[in-house]
Amino acid sequence: MKHGTQDLALFGGPPAFVEDRRVGRPNQGDRRRFLDRMNQVLDNEWLSNMGPLMHEFEARVAEIAGVRHCVSLCNATVALQMLVGDEATGGAIGDEVIVPALTFPATAHAVRWRGLRHVVCDVDPVTGLIDPDRVEALITPRTRAIIGVHLWGQPCDVPRLEKIAEKYGLRLYFDAAPALGCSYGDTPVGGFGDAEVFSFHATKVVNSFEGGAIVTDDDALADRMRAVRNFGFSPDGRVGHVGTNGKLNEAAAAMGLTSLDALPETVAHNRANYERYRVALAGIPGVRVLEYDEQHRNTHHYLMVTVDREAAGLHRDLLLHVLRAEHILAQPYFAQAMHQLQPYAEDAQVEAPHAEALCGQLLALPTGPAVGADDIETISDAIRVAVAHGPEVTALGQARTAGTTDR
Ligand code: T4K
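None of the values given here were measured: they were computed from a predicted structure. (Residues numbered from 1 in each chain as written. Predicted model: local features only at pLDDT ≥ 70, side-chain atom pairs only at ≥ 80, totals over all residues. Heavy atoms only, no water.)

Enquirer: Honestly, the overall build of the protein chain in this entry has me stumped. Any pointers?
Expert: Of the regular secondary structure elements, the protein chain holds 15 helices and 14 strands. When its C-alpha atoms are laid out on the principal axes, the protein chain stretches across 70 × 55 × 40 Å. The 407 residues of the protein chain split such that 54% are buried. With the model as given, the accessible surface of the protein chain reaches about 16,900 Å², and the carbon-plus-sulfur share is 51%. Positive and negative side-chain charges of the protein chain, numbering 37 and 53 respectively, have mean locations separated by a distance of 2 Å. (Helix = DSSP H or I, 4+ residues; strand = E, 2+ residues; numbered from the N terminus. Buried < 20%, exposed > 50% of the residue type's maximum accessible area, 1.4 Å probe, protein only. Areas by Shrake-Rupley, 256 points an atom, 1.4 Å probe, with all protein chains shown as cover. Lys, Arg positive; Asp, Glu negative; His and termini not counted. Charge placed at Lys NZ, Arg CZ, Asp CG, Glu CD.)

Right, dumping it as structure tokens:
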């Protein structure tokens, strides 16, 4: 239990934890089962190129997402690159893609990587989700697609975005990288828009080391995407499309299946952690847990808080340093909006005040099966002490962390 500034590790106190408490610690599932599957892979002598475990993984993901097709891939960034390209849209139909200002850089990078232009749209000030009210004003004759991002598993305003896409004849995709197992109302994330994209990166709720998928109910699109992920080869062996190598290998599928086996218990644990954090952080001035709308299902893989500098008496970046010194490896997801990223300096005048404000406030706290009730008490205690002594921590901390902040 910490009482004053001197108890904080940043100022010489003993760290709250010996071992790091991390955001993004992989959900590996049962090791024995993984190793059994790896033995199966080696016995099969079939390591990649649409192997049996990849097919099994695809079937299970499609079932969770409630869709006909899951096209598994080596990561979600490649999935997005494939979807914005001419091979998915069925021809060149404008070179602009609308993306939210608040997302992981991969969403915008995928667009630029294909030689297209991403157009940044501001977000809702509370949820951080793309604001449909602002999307319409960004549509031009050059617009080809809209990408909504189900940030932290919260679903976008799917009905309104679908209406806008239909009205203007645009492709609608969802970057659902963090949203496997989540829903809009009772409908699982996966079948919305023309297609959605999951990530199975090591840090996601289900991991396949690296991995991703395009999920859709569009038979023709799925066929084209299956070809594109394999150098453009069609089932008849001819190259019918410009393609890439986006295949998910069998070791990745073995981990993906094992991680999927553990999904129900992972989600139950995350949900309990979310409730614990809400109680433990209640009443700390300026620190607010991002509450997920109970109308939709969330896997609670991300425990997000905002830190309001005025009310808390210290900036999110300084709190991050305080926590890291305690071996609490919180993450500033996300510290820069898309138009603030250096490669996109030409977008510097984009107006996205809500995204900018959130970027200065958001903090992801450790959760997941490795984080228990006692850990949450300890983490919340460190936050409470830092905020209770905000001005003092700020004065001392500025000297201690000069030049090392994340922003
Ligand atoms: N769209 C959205 C909305 C996304 O969030 C992402 C990825 C993508 C698209 C692209 O998906 P992929 O192409 O990756 O499939 C991490 C992930 O690398 C990234 O996949 C993820 N979003 C993003 C939100 O988080 P970093 O830069 O924060 O990773 P890093 O290395 O700093 O690790 C984060 C934390 O996880 C640390 O506390 C350490 C811990 N960790 C990490 C790894 C890799 C582990 O404990 N074990 C591990 O193996 O991006």
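Enquirer: It is not clear to me how the packing of aromatic side chains should be interpreted in this structure. Could you clarify?
Expert: In this description, a pair of aromatic rings is defined by centroid distance and the angle of the planes. Using the criterion set out here, one finds eight aromatic pairs in the structure. Aromatic side chains Trp152 and Phe334 sit 6.4 Å apart centroid to centroid with 15° between the ring planes, which places their arrangement in the stacked category. Here Trp152 is found in the loop between β5 (143–149) and α7 (158–168), whereas its partner Phe334 is found in the loop between β13 (328–329) and α13 (353–359), with 182 residues between them in sequence. Residue Trp152 shares its accessibility class with Phe334, and that shared class is buried. Between Phe198 and Phe200 the ring centres are 6.4 Å apart and the planes differ by 50°, which places this aromatic pair in the tilted class. Judged by relative accessible area, which is 0%, Phe198 ranks as buried. (Phe/Tyr/Trp six-rings, centres within 6.5 Å; stacked < 30°, edge-to-face > 60°.)

Enquirer: Looking at this structure, how should I read the packing of helix α10 (residues 263–281) against helix α14 (residues 373–388)?
Expert: Across the interface, α10 lies against α14 with an axial gap of 9 Å and an inter-helix angle of 35°. Taken as a pair, α10 and α14 cross one another with a handedness that is right-handed. Every residue of α14 that contacts α10 at Asn273, Arg276, Tyr277, Ala280 and Leu281 is listed here: Ala373, Ile376, Glu377, Ile379, Ser380, Ile383 and Arg384. Counted by class, the contact of α10 with α14 contains seven nonpolar, two polar and three charged residues. (Axes fitted to C-alpha atoms, helices over the stretch in contact; angles between N-to-C directions. Left-handed = near helix turned anticlockwise from the far one by under 90°. Contact = heavy atoms within 4.5 Å. Nonpolar A, V, L, I, M, F, W, Y, C, P; charged D, E, K, R; others polar.)

Enquirer: Whenever I open this one, the sheet that holds strand β14 (residues 362–365) confuses me. Can you help?
Expert: Remark on secondary structure: sheet strands pair via backbone hydrogen bonds, oriented parallel or antiparallel. Taken in spatial order, the three strands line up as β11-β12-β14 in an open sheet, and their pairing is antiparallel. Both outer strands of the open sheet, β11 (287–289) and β14, are each paired with one neighbouring strand and no more. In this sheet, adjacent strand axes meet at a mean angle of 30° when their direction is disregarded. In terms of strand pairing, strand β12 (residues 303–307) meets β14 through four bridges, oriented antiparallel. (Pairing = 2+ DSSP bridges.)

Enquirer: Please clarify how the pairing of β5 should be interpreted in this entry.
Expert: Side-chain positions along a regular strand alternate between the two faces of the sheet. Among the seven residues in β5, seven count as buried, and that is most of the element. With three bridges connecting them, strand β3 (residues 96–100) and β5 associate as parallel partners. If you follow Ile98 over to β5, its bridge partner there is Ile146. Relative to strand β6 (residues 171–175), β5 runs parallel, the two being bridged by five bridges. Bridge assignment links Gly148 to a residue of β6, and that residue is Phe174. The parallel pair β5 and β6, bridged by α7, forms a crossover whose chirality is right-handed. (Right-handed = clockwise from strand over helix to strand, strands pointing away.)

Enquirer: How do you make sense of the site of the ligand when you look at a structure like this?
Expert: Near the ligand lie 23 residues; those nearest to it are Arg22, Thr77, Asp175, Ser199 and Tyr333. One nitrogen or oxygen atom from the side chain of Ser199 is found 2.7 Å from an oxygen atom belonging to the ligand. Here an oxygen atom of the ligand sits 3.2 Å away from a polar atom, N or O, in the side chain of Gln331. Computed on the free molecule, the ligand has an accessible area of 930 Å², of which 74% lies beneath the protein chains in the complex. Those elements that provide at least two residues to the shell around the ligand are α3 (76–84) and α5 (106–113). The residue inventory of the shell around the ligand, partitioned by class, reads nine nonpolar, ten polar and four charged. (Near = heavy atom within 4 Å. Polar contact = N/O pair within 3.5 Å; in protein donor to acceptor, adjacent residues only side chain to side chain.)

Enquirer: Even after reading the chapter, I still don't get the domain arrangement of the protein chain, so can you show me in this structure?
Expert: Segmenting the protein chain into domains produces domain 1 (5–24 + 262–330 + 366–401) and domain 2 (31–261). A C-alpha centroid distance of 31 Å is found between domain 1 and domain 2. Counting residues at the interface gives 17 residues for domain 1, matched by 25 residues for domain 2. Together domain 1 and domain 2 conceal approximately 1,700 Å² of surface at their shared face, both sides included; 56% is due to carbon and sulfur atoms. Summed over the three residues of domain 1 that lose the most area to domain 2, namely Leu263, Arg297 and Tyr302, the buried surface amounts to 35% of that side. For the interface between domain 1 and domain 2, the tally reads twelve residue pairs in polar contact (both at pLDDT 80 or more). For the side of domain 1 that touches domain 2, the element with the highest residue contribution is α10, accounting for four residues. Each residue belonging to the side of domain 1 that touches domain 2 can be placed in one class, and the counts come to seven nonpolar, eight polar and two charged. (Domains from an automatic or database assignment. Buried area = accessible area lost by both parts, 1.4 Å probe.)

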